[in-house]
Amino acid sequence: MGRDLTGAAASAALARGSLGALAFTLSTAVPGIHSAAIEGGELVVRTSRARLIGLMEMLRDDPRYACEQMMDLCGVDYPERAERFEVVYNLLSVSHNHRIRVVVTTDETSPVPSVHLLWPSATWWERECYDLFGVLFSGQPDLRRILTDYGFEGHPLRKDFPLTGYVEMRYDEDRRQVVYEPVKLTQDFRNFDFESPWEGILTLPGDEKAHETRQGLKLPR
C-alpha cells in the first residue's frame, strides 16, 4: 500500500510539473494569452475573444496539448463587471491524460466565436449557454433555446433574474391548452411572535402531580 501511495503521489507530481511547463509555454510564447497558470491543480488559460479560435485550434492540433475532446462549456455571471460573463471551456487530452480550462469574457451584446467547427459537440453547450445566460455565439448556425420554452422571457442563470421568474405556466381546462400568465404570489398574513410553543403551558399532559408538588397546590379530584 505504501508503494502504491508513493507511486500515485509521484504521478501526481509529474502531472503537475507537466502542466506547469505547458502553462509557462502558453504564457510566454503564445500571443494573446492574458494568463496561464495552475489553479486548483488544473491549467487555466485566459484569453480574449479575438484570439479564441486560434488558441483552440492550437490546443486541439498541437501534439504538446492534443486536446481531442471538449468536455463542457459553461457560463459564470458577474453582474458588477463591464464584461459580466465568463465563458469557460473544459478540454480533455486523452493522449496525455490532462485537462485544460480556457476562459474568455463577454457582455450581453458582444458575441463569442463559436468553436463548433473544431468540436461538433460544442453546439449543444453553446445553445445551453445562450439559453441560460444570454451569451451570443457568432458563427453558430443553430443558436436556439435548448432547456426553456421558445416563448420563455429572460435567461434563468443570470444573477439578476428573479427567483420566481416572470410568468407561470398552467394547463387551462376550458381552453384545453397550456397558457402563460404573470406570476402571482399570494401569501396570507401571518403574525410571528417567535415564542416557543411550550411557553405559557404550566402543566404538561400527564404531569399534573409534579405540577401540584411544585406549586404547593391541591388539584381537584
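Up top is the structure these notes are about.
Now for a quick tour of the structure. Because the structure is a prediction, the values reported are computed rather than measured.

1. Notes on the pairing of strand E4 (residues 85-93)
Right, on to step 1. Counting buried residues in E4 gives nine out of nine residues, a clear majority hidden from the surface.
Right, on to step 2. In E4, alternate side chains face the same way, and those of Phe85, Val87, Tyr89, Leu91 and Ser93 on one face and Glu86, Val88, Asn90 and Leu92 on the other are all buried.
Right, on to step 3. Across eight bridges, the pairing between strand E3 (residues 69-77) and E4 is antiparallel. The partner of Val76 across the bridge, within E4, is Glu86.
Right, on to step 4. Where E4 and strand E5 (residues 98-106) come together, nine bridges link them in antiparallel fashion. Within E5, the position partnered with Asn90 by the bridge is Arg101.
Right, on to step 5. The turn linking E4 back onto E5 is made up of four residues, and Asn97 within it adopts a positive phi angle of 55°.

2. Quick word on the sheet that holds E3
Right, on to step 1. With respect to topology, five strands assemble into an open sheet ordered E1-E2-E5-E4-E3, the strand pairing being mixed. Sheet topology places strand E1 (33-39) and E3 at the edges, where each strand pairs with a single neighbour. Strand-to-strand twist in this sheet, taken as the mean axis angle between neighbours without regard to direction, amounts to 20°.
Right, on to step 2. Against the sheet, helix H2 (residues 52-61) contacts E1, strand E2 (42-47), E4 and E5, and its axis sits at roughly 175° relative to E5.
Right, on to step 3. Seen against the sheet, helix H3 (residues 122-133) touches E3 and E4 and runs at an angle of roughly 10° to E3.

3. Here we look at the side chain of Ser93
Right, on to step 1. With respect to the helices, strands and loops of the structure, Ser93 is situated in strand E4.
Right, on to step 2. Exposure remark for Ser93: the relative accessible area of 0% places this residue in the buried category.
Right, on to step 3. Of note is the side chain of Ser93, whose polar atom sits 3.3 Å from the backbone oxygen of Tyr65.
Right, on to step 4. Leave out the neighbours within four places in its chain, and Ser93 touches Tyr65, Ala66, Cys67, Glu68 and His98.

4. Overview of the packing of aromatic side chains
For any pair of aromatic rings, the description rests on two quantities: the centre-to-centre distance and the angle between the ring planes.
Right, on to step 1. Across all of its chains, the model carries three aromatic pairs by this definition.
Right, on to step 2. Taken together, a centroid distance of 6.3 Å and an interplanar angle of 75° make the contact between Phe85 and Phe133 edge-to-face. Of this pair, Phe85 sits in strand E4 while Phe133 sits in helix H3, and the two are 48 residues apart along the sequence. Pair check on accessibility: Phe85 and Phe133 agree, each one buried.
Right, on to step 3. An aromatic cluster is defined as three or more aromatic residues linked by ring pairs; in this entry it consists of Phe152, Phe161 and Tyr166.
Right, on to step 4. The ring of Tyr78 has Arg81 lying over it, and the distance from NZ or CZ to the ring centre is 3.8 Å.

5. Concerning H2
Right, on to step 1. Buried residues of H2: Leu52, Leu55, Met56, Met58 and Leu59, and no others. Projection of H2 onto a plane perpendicular to its axis shows the buried side chains occupying an angular sector of 160°, all on one side.

6. Focus on unusual backbone geometry
For residues that are not glycine, phi is negative in most cases, and the peptide bond is trans in most cases.
Right, on to step 1. The backbone of Ala66 shows a phi angle near 50°, a positive value even though the residue is not glycine.
Right, on to step 2. Within the fold, Ala66 resides in the loop between H2 and E3.
Right, on to step 3. Within the chain, Arg176 stands out as a residue other than glycine whose phi angle is a positive 55°.
Right, on to step 4. Within the secondary structure layout, Arg176 lies in the loop between strand E8 (167-172) and strand E9 (177-182).

The rules we used
- Residues numbered from 1 in each chain as written.
- Predicted model: local features only at pLDDT ≥ 70, side-chain atom pairs only at ≥ 80, totals over all residues.
- Heavy atoms only, no water.
- Buried < 20%, exposed > 50% of the residue type's maximum accessible area, 1.4 Å probe, protein only.
- Helix = DSSP H or I, 4+ residues; strand = E, 2+ residues; numbered from the N terminus.
- Pairing = 2+ DSSP bridges.
- Axes fitted to C-alpha atoms, helices over the stretch in contact; angles between N-to-C directions.
- Contact = heavy atoms within 4.5 Å.
- Polar contact = N/O pair within 3.5 Å; in protein donor to acceptor, adjacent residues only side chain to side chain.
- Phe/Tyr/Trp six-rings, centres within 6.5 Å; stacked < 30°, edge-to-face > 60°.
- Lys NZ or Arg CZ within 6 Å of the ring centre and 35° of its normal.
- Arc of directions from axis to C-beta.

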